[in-house]
Amino acid sequence: MENWPLGVFASVDAGLGVGWNVISELKLPTIQLHAPHPDKRNSATAKSLADQLADMGVRCTAVFGGFDGESYADIPTVVRTIGLVPESSRAARLQEMKDISDFTKTLRCDAIALHLGFVPEGPSADGYDGIVAVTRELCDHAAANDQYLHLETGQETADGLLEFIHHVERDNLKINFDPANMILYGTGEPIDALRKVAKHVRSIHCKDGTWSDQPGVTWGAEVALGQGDVNMAAYLKALKEIGYEGPLTIEREIPQDPVRQKSEIGAAIDLLTKLRSEILA
């Protein structure tokens, strides 16, 4: 497959991606998939979806987990509700991610991914060891399915993320780099962060955003690709510099407005196609 095939974040029945029916219309060679609801997370559904993707000539490059009870209403709510960090839901969510890993194997995809949640900065922090332990257990389950686990960036600084990966000590723990999330969460300049974590980056998002006037306290704003503070040309140049050759996966999180979502994804395809041809020339 060519370097930097375009892709889109998609969904069967839930989540923030484009609807399943839109995949073939976009005519892109790759997708990342938001895991379907538990009642569809079975081998029969996985085989059916795998066959449909094969018919469309589309490759699924990662399946993302998400959980009931998560909310991105504001940064404090994210801290309290997202991923495997909250202790009260950790065991159930770990089991759900293991189920997603098994579903993903049947889908013939070699990566699962998620927002792990707000990991405390540094191994001396309360709760850090427990988050390391649950991540190891999920990595080991994924490894048994010949899979990688990709952590989505945003909630930690680049340095904090590197330290966490070091402590987990699993070769199949990788990064899904989302430059806009670094801006939205106020955790660092995305291009600098990308260079720092480069050796662990196995997948990426193409998403844009603007800084909050109180970075790290209140949200920045997600905007259409090319309209924010990421600087997509600099981002793609940095991806080339670090040797990244995988998909450029467009994520535009406005599922409540599918017409606008599809239009802005179309514009993103045009922008990335232009930048890709210039930068890879």
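Thresholds applied
Residues numbered from 1 in each chain as written. Predicted model: local features only at pLDDT ≥ 70, side-chain atom pairs only at ≥ 80, totals over all residues. Heavy atoms only, no water. Helix = DSSP H or I, 4+ residues; strand = E, 2+ residues; numbered from the N terminus. Buried < 20%, exposed > 50% of the residue type's maximum accessible area, 1.4 Å probe, protein only. 1 Å grid on protein atoms, 1.4 Å probe; cavity = no way out; pocket = protein on both sides within 12 Å on 5 of 7 lines; lining within 4 Å. Points joined across faces, edges and corners; volume = space filled by probe spheres on them. Nonpolar A, V, L, I, M, F, W, Y, C, P; charged D, E, K, R; others polar.

By the naming in an unreviewed UniProt entry, the protein is Xylose isomerase-like TIM barrel, taken from Rubripirellula tenax.

1. Structural notes on unusual backbone geometry
Residues other than glycine seldom take positive phi values, yet tryptophan 4 does so here, at roughly 55°. Position of tryptophan 4 relative to the elements: it lies in the segment before β1 (6–11). Residue classification places tryptophan 4 among the buried positions, given a relative accessible area of 1%. In the Ramachandran plot, asparagine 231 falls in the positive-phi region, its phi being about 70° despite a non-glycine side chain. Positionally, asparagine 231 belongs in the loop between β10 (221–223) and α9 (232–241). Given a relative accessible area of 44%, asparagine 231 falls into the partly exposed group.

2. Focus on the layout of surface pockets
What the largest pocket holds in volume is close to 530 Å³. Every residue lining the largest pocket is counted, 24 residues in all, and those nearest its centre are Leu16, Tyr72, His115, Glu251 and Glu253. Considering every element that reaches the lining of the largest pocket, the biggest residue donor is helix α7 (residues 179–185), with three residues. Split by residue class, the lining of the largest pocket holds nine nonpolar, nine polar and six charged.

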